[in-house]
Amino acid sequence: GGTARVSRGASPCGRRARTAPRGGAGRPATVKRVLSDIYRQNRADVKGIHTRKYGVELEVRGIYVHNDVIYLHVQIANNTNISFEVDYRRFVVADRKAAKRTAQQQRIIEPLRVCNDPSIVRGHQRQRIVFALPKLTLEEDKILLLEIAEKDGARHQCLEISSKELLGAKAL
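This one's a predicted model, so the numbers in the text were calculated from it and none came from an experiment.

Scoring rules and cut-offs
- Residues numbered from 1 in each chain as written.
- Predicted model: local features only at pLDDT ≥ 70, side-chain atom pairs only at ≥ 80, totals over all residues.
- Heavy atoms only, no water.
- Salt bridge = Lys/Arg side-chain N within 4 Å of Asp/Glu carboxyl O.
- Buried < 20%, exposed > 50% of the residue type's maximum accessible area, 1.4 Å probe, protein only.
- Helix = DSSP H or I, 4+ residues; strand = E, 2+ residues; numbered from the N terminus.
- Pairing = 2+ DSSP bridges.
- Contact = heavy atoms within 4.5 Å.
- 1 Å grid on protein atoms, 1.4 Å probe; cavity = no way out; pocket = protein on both sides within 12 Å on 5 of 7 lines; lining within 4 Å.
- Points joined across faces, edges and corners; volume = space filled by probe spheres on them.
- Nonpolar A, V, L, I, M, F, W, Y, C, P; charged D, E, K, R; others polar.
- Polar contact = N/O pair within 3.5 Å; in protein donor to acceptor, adjacent residues only side chain to side chain.
- Expected span 1.5 Å × (residues − 1).
- Core = buried A, V, L, I, M, F, W, Y, C linked by side-chain atoms within 4.5 Å.

One pass over the full model with this rule turns up 9 salt bridges. In this structure, Glu 150 and Arg 155 form a salt bridge, with 2.7 Å as the shortest nitrogen-oxygen distance. The same class applies to Glu 150 and to Arg 155, which are both buried. Among the charged side chains, a network of salt bridges with common partners joins Arg 33, Asp 37 and Arg 40.

Here it is as structure tokens:
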């Protein structure tokens, strides 16, 4: 068998989003540096955007903008004894108030890059994630949803971010 190489001091911000399109706004080196700075500084600049269900809490800690790239600093906390294994996470632009029976147009937004994209959040642990999203503005009646689904489980989390909150992004 071979031996695995371990890179010391590797940044959790080193890789592209799983399905990130190439190109886009912002140079990759700049986006990576800004992601890393936000992650390292770990500031809580936004209050009140959170959801707590089934012992798992999802919270936005900051919304920033730099060179037309939007950065979302998010924390997921698992307050149970059972690990939360992430099946998928996605950003969706959806209608704010949609009747349950009406079909609604949803647009999926692919992150340009992700810093610290955990596949599992163990019991009584917190993980922070920073997403770099392409430039995005929403109509008043639309919201940005961050959905994080549990693999083989029911503890799906859905966080709503309004157009007003996005427009209030702090410039870096």
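Attention now goes to the pairing of strand E9 (residues 142-150). Taken across its 9 residues, E9 has 9 buried, putting it largely inside the fold. Side chains Lys 142, Leu 144, Leu 146, Ile 148 and Glu 150 of E9 all project onto a buried face; the interleaved residues Ile 143, Leu 145, Glu 147 and Ala 149 project onto the opposite face, where all are buried too. As judged from the 9 bridges shared by strand E4 (residues 84-95) and E9, these two strands associate in the antiparallel manner. Bridging from a neighbouring strand, Arg 90 pairs with Glu 147 of E9. Examined bridge by bridge, E9 and strand E10 (residues 157-162) share 6 bridges and lie antiparallel to one another. Paired with Leu 146 across the bridge in E10 is Leu 159. The antiparallel pairing of E9 with E10 creates a hairpin that spans 6 residues between the two strands, and Asp 152 there sits at a positive phi of about 50°.

With respect to the helices and strands, Ile 161 occurs in strand E10. On the basis of relative accessibility, which here comes to 0%, the residue Ile 161 falls in the buried class. On a C-alpha basis, the gap between Ile 161 and Ile 143 in space is 5.7 Å, while along the polypeptide they are 18 residues apart. With residues near it in sequence (within four places) discarded, Ile 161 still touches Ile 49, Val 60, Ile 63, Leu 72, Leu 138, Ile 143, Leu 144 and Leu 166.

Per the stated rule, a full pass over the model turns up 2 cavities of 30 Å³ or more. Volume-wise, the second largest cavity comes out at about 50 Å³. Lining the second largest cavity, in full, are Ile 76, Val 86, Arg 89, Asp 117, Pro 118, Ile 129 and Ile 148. For the lining of the second largest cavity, the class distribution of residues is 5 nonpolar, no polar and 2 charged.

This brings us to the side chain of Gln 127. Positionally, Gln 127 belongs in strand E8 (residues 125-134). Among the polar contacts made by the side chain of Gln 127, one reaches the side chain of Asn 116 at a distance of 3.2 Å. When sequence neighbours within four positions are dropped, the list of residues in contact with Gln 127 reads Val 74, Gln 75, Ile 76, Asn 116, Pro 118, Ile 120 and Val 121.

So, on to helix H1 (residues 28-41). Given 3.6 residues per turn, any residue in an α-helix points the same way as the ones three and four places further on. Taking 1.5 Å of rise per residue, 14 residues should cover 20 Å, and H1 covers 20 Å from first to last C-alpha, within 8% of that figure. On its buried side, H1 packs onto strand E2 (56-66), strand E3 (69-78), strand E6 (113-115) and E8. Positive backbone phi, at 45°, marks Asn 42, one or two positions downstream of H1.

Within soluble globular proteins, side chains that are nonpolar generally end up buried alongside one another. Counting residues in each nonpolar core, the largest one holds 29 residues, and the members touching the most others are Val 60, Ile 63, Leu 72, Phe 131 and Leu 144. Elements with a minimum of two residues in this core: E2, E3, E4, E8, E9 and E10. Beyond its immediate sequence surroundings of up to four residues, Leu 144 is in contact with Leu 72, Phe 91, Val 92, Val 93, Ile 109, Leu 133, Leu 136, Leu 138, Leu 159, Glu 160, Ile 161 and Leu 166. Membership of the second largest hydrophobic core comes to 12 residues, among which are Val 31, Val 34, Leu 35 and Tyr 64.

This next bit is on unusual backbone geometry. In the Ramachandran plot, Asn 42 falls in the positive-phi region, its phi being about 45° despite a non-glycine side chain. Relative to the elements of secondary structure, Asn 42 occurs in the loop between H1 and strand E1 (50-53). The phi angle at His 124 is positive, at roughly 60°, despite the residue not being glycine. Tracing the sequence through the fold places His 124 in the loop between strand E7 (120-121) and E8. His 124 sits in the exposed class, given a relative accessible area of 55%.

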